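# Geometric and topological summary
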Amino acid sequence: MNANDGSWSNHPKTDDTLRQAVEMLRQAERVAVLTGAGISAESGLPTFRGAGGLWEGHRVEDVATPMAFHRDPSLVWRFYNARRAGLRKVQPNAGHHALVKLEERLGGLRFTLITQNVDGLHRAAGSKQVVELHGSLARVRCTGCWAIADRGQEELPELPRCGQCGELLRPDIVWFHEALPGDVWNQAAARACQCFLVIGTSGIVYPAAGLVELARGVEARVIEVNLERTPASDLADVSLLGPSGHVLPRLLEQL
Ligand code: BV8
Ligand code: ZN
């Protein structure tokens, strides 16, 4: 089944798994969602680990760790400024919009959207209850006075400095080897749900990937949406194999 020729939708097995997934969502009092780079792929943003992925052109150790920033802040800022520039050309896709509909359908108290993505597309689509686990490309943080500013899609210099204290700014993004803020709360959201949707993530980056195990541990039903099997597939009650921009709208239509 080709991800982009739309053949996904008329696959008889798909209809059955889609029906099972709809039933799980209907039965759930609270729903939690974890998204990864795959949900933004149909908006034209590269993922990390697929063909042409971000980690193909760069080594994580060179651009996404505190040591990398200490060693060569210009290289790190070139990597992040290029991704910030890429955001100016993209829009949320049907997958993002379907999750806005799901939130509106369930209401804020029954829905939590946890994203590993730093592209801001969930908020741009209109999602309200969004937890940005790994930070945001729009925000910068001062390495001196810790001031945080949302610089939107403004073009930043290669070594941007803080307006208050003059120290170097860094992206307000969680790098590898850095702790995630507020992680305890996100675990609570995964523990409190009856249905956990895991969408467009390779499921290998922790602690985010651990949220699926937490949800499983409290007997939540797990629905995975991905182009291929991942480590999360073993934990999923249902795997909807197809592009999230096709699958999620179908899921909402039948809900
Ligand atoms: C921490 C910000 C501890 C950067 C990111 C050894 C040494 C040190 C640490 C570790 C280690 N081993 C393990 C660790 C922990 C490490 C980790 O998990 N490493 C992995 C690689 C093994 N984690 C950390 O370091 C974390 N911190 O552990 O701190 C600590 C504790 C206390 C005190 C101090 C320290 C920090 C992790 C966060 C790192 N930052 N992002 C940036 O974005 O520039 S992670 C990065 O990967 C992104 O955020 C991304 O979201 C995330 C996960 O990737 P995915 O989103 O899943 O994207 P990917 O390309 O991998 O997959 C895309 C999927 O979509 C695929 O499955 C594909 O099939 C699918 N897809 C594609 N198209 C579609 C689709 N699906 C549906 N539809 C489509 N159309
Ligand atoms: Zn400062």
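Above: the structure in question.
This write-up is about the structure you can find in this document. (Residues numbered from 1 in each chain as written. Chains lettered and ligands numbered in written order. Predicted model: local features only at pLDDT ≥ 70, side-chain atom pairs only at ≥ 80, totals over all residues. Heavy atoms only, no water.)

### A word on the coordination of the zinc ion (ligand 2)
Six octahedral donors at a metal ideally form angles of 90 or 180 degrees, and four tetrahedral donors ideally form angles of 109.5 degrees. Note the following rule: For Na, K and Ca the donor cutoff is 3.2 Å, while for all other metals N, O and S atoms count as donors only within 2.8 Å; water does not appear among the atoms, so some sites may look incomplete. Square planar and octahedral assignments, for four and six donors respectively, both demand that opposite donors be over 155 degrees apart and that all other angles lie between 65 and 115; tetrahedral needs four donors with all angles between 85 and 135 degrees, and anything else is irregular. The numbering of helices and of strands both runs from the N terminus, where a helix is a DSSP run of H or I of at least 4 residues and a strand a run of E of at least 2. Note on classification: 1.4 Å probe, protein chains only; a residue is buried when its accessible area is under 20% of the maximum for its type, exposed when over 50%, partly exposed between these limits.
The zinc ion (ligand 2) binds to the protein through C142 (SG), C145 (SG), C162 (SG) and C165 (SG); the donor distances cover 2.2 to 2.3 Å. Metal-centred angles of 95 to 120 degrees between the four donor atoms at the zinc ion (ligand 2) mark the site as tetrahedral. Each donor residue of the zinc ion (ligand 2) lies on the same chain, and together they follow the pattern C-x2-C-x16-C-x2-C. Of this pair, C145 sits in the loop between β4 (135–142) and β5 (148–150) while C162 sits in the loop between β5 and β6 (169–173), placing them 17 residues apart in sequence. Take C145: its relative accessible area is 37%, and that puts it in the partly exposed class. Judged by relative accessible area, C162 falls into the buried class, the value being 8%.

### Overview of the pairing of β4
In plain terms, the rule: Paired strands, in this sense, are two strands between which DSSP finds at least two bridges.
The element β4 is largely enclosed, with a buried count of seven among its eight residues. Here β4 pairs with β6 via four bridges, running antiparallel. The partner of R141 across the bridge, within β6, is R170. Looking at chain direction, β4 and β5 are connected through three bridges and run antiparallel. Residue pairing in the sheet places R139 in a bridge with D150 of β5. Hairpin connection between β4 and β5: a loop of five residues separates the two successive antiparallel strands, and W146 in this loop has a positive phi of roughly 65 degrees.

### Digging into the site of ligand 1
Just so we agree on the cut-off: Distances are taken per atom, and a residue is near a molecule or strand as soon as one of its heavy atoms is within 4 Å of it. Polar contact criterion, stated in full: a pair of N or O atoms within 3.5 Å, where within protein one must be able to donate a hydrogen and the other to accept it, and residues adjacent in sequence count only if both atoms are side-chain atoms. Accessible areas in this description were obtained via Shrake-Rupley with a 1.4 Å probe; residue shielding takes into account the shown protein chains only. Classification used: nonpolar for Ala, Val, Leu, Ile, Met, Phe, Trp, Tyr, Cys and Pro, charged for Asp, Glu, Lys and Arg, polar for all others including Gly. What fixes the domain bounds is an automatic or database domain assignment.
Taken together, the neighbourhood of ligand 1 is formed by 35 residues, with F48, R49, R83, T201 and S202 sitting nearest. The separation between an oxygen atom of ligand 1 and a polar main-chain atom of F48 is 2.7 Å. A distance of 2.5 Å separates an oxygen atom of ligand 1 from a polar atom in the side chain of R49. Coverage of ligand 1 by the protein chains reaches 74% of its 1,500 Å² of free accessible surface. For the shell around ligand 1, the secondary structure elements donating two or more residues are α2 (38–41) and α6 (73–87). Among the residues forming the shell around ligand 1, the class breakdown is 16 nonpolar, 14 polar and five charged. Both domains that furnish three or more residues to the shell around ligand 1 are identified here as domain 1 (1–45 + 92–134 + 180–255) and domain 2 (46–89 + 137–173).

### Comments concerning the pattern of salt bridges
Our working rule: Salt bridges are defined by distance alone: a side-chain nitrogen of Lys or Arg within 4 Å of a carboxyl oxygen of Asp or Glu.
Under the counting rule described, the total for this entry stands at 17 salt bridges. For E23, the salt bridge identified is with R26, shortest N-O distance 3.3 Å. Of this pair, E23 and R26 both sit in helix α1 (residues 12–27), three residues apart, which is roughly one turn of that helix. Ionic pairing is found between E132 and R139, a salt bridge with its closest N-O pair at 3.3 Å. On the basis of relative accessible area, R139 is assigned to the partly exposed category, the value being 23%. Linked by salt bridges that have partners in common, R123, E132, R139, R141 and D172 make up one network.

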